[in-house]
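Survey of secondary and tertiary structure
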Amino acid sequence: YCICSFHAANLTLFEKSMHRKFCLSRQLPQRSAVVNDFGLYSSKDFSNWIEVVSLMRNIVAHHSRLWNRSLGKKIIDPKGRRDAWLNGGLTEMQKKKPYAVICAIAYLCKAVNPQHGFTNSVKQLCSAYSDIPLVRYGFPIRWEKEPLWR
């Protein structure tokens, strides 16, 4: 319990720090370097992703319903990127669903550590609970065949 609280506090501080740095200081040259480190070429895309990930984290942290939910803010399909994304991008409906946020997290994890285990963990979780209709979360049919998930 103590360790989880510690990580939650660190995550909250990280979110606030990232929000301040990216929303209040639009002209910093370091901004594009950070964005490039995460495999994106647009700071607008990166800022959007951080905000929506934070939104979903808050929904989960406060034990709100995530199933069959449309988020208040949409994920932006990245305009430029270094790594594999989705073949056709996200539909307008998917941009408001948890699937889009999970895709953004998977992309950022891969940019930080190409050997990360996040995508495998998501696949295992989805197969362990195969009775849950993933389409309600915005997952397309055969989502695991997308380049991001391979």
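In this report, the structure presented in the accompanying data block is examined. (Residues numbered from 1 in each chain as written. Predicted model: local features only at pLDDT ≥ 70, side-chain atom pairs only at ≥ 80, totals over all residues. Heavy atoms only, no water.)

1. Some points on the packing of aromatic side chains
- Tallying each qualifying case throughout the model produces seven aromatic pairs.
- On the basis of an interplanar angle of 90° and a centroid distance of 5.1 Å, the ring pair of Trp143 and Trp149 is categorised as edge-to-face.
- Residue classification places Trp143 among the buried residues on the basis of a relative accessible area of 6%.
- The class for Trp149 is buried, based on a relative accessible area of 0%.
- Feature note: the residues Tyr99, Phe139, Trp143 and Trp149 constitute an aromatic cluster, connected by ring pairs. (Phe/Tyr/Trp six-rings, centres within 6.5 Å; stacked < 30°, edge-to-face > 60°. Buried < 20%, exposed > 50% of the residue type's maximum accessible area, 1.4 Å probe, protein only.)

2. Structural notes on the pattern of salt bridges
- Counted according to the given criterion, the structure contains four salt bridges.
- For the salt bridge of Lys95 with Glu92, the shortest nitrogen-to-oxygen distance reads 3.0 Å.
- Judged by relative accessible area, Lys95 falls into the buried class, the value being 14%.
- Residue classification places Glu92 among the partly exposed residues on the basis of a relative accessible area of 45%.
- Salt bridges linked by common partners bring Lys74, Glu92 and Lys95 together as one network. (Salt bridge = Lys/Arg side-chain N within 4 Å of Asp/Glu carboxyl O.)

3. Considerations on helix H5 (residues 118-128)
- All of the buried residues along H5 are Thr119, Val122 and Cys126. Each buried residue of H5 lies within a common arc of 60° when the element is viewed along its axis, so the set occupies one face. Opposite the packed face of H5, turned more than 90 degrees from it, sit the exposed residues Gln124, Leu125, Ser127 and Ala128.
- Looking at the buried positions of H5, the neighbouring elements they touch are helix H4 (98-112). (Helix = DSSP H or I, 4+ residues; strand = E, 2+ residues; numbered from the N terminus. Arc of directions from axis to C-beta. Contact = heavy atoms within 4.5 Å.)

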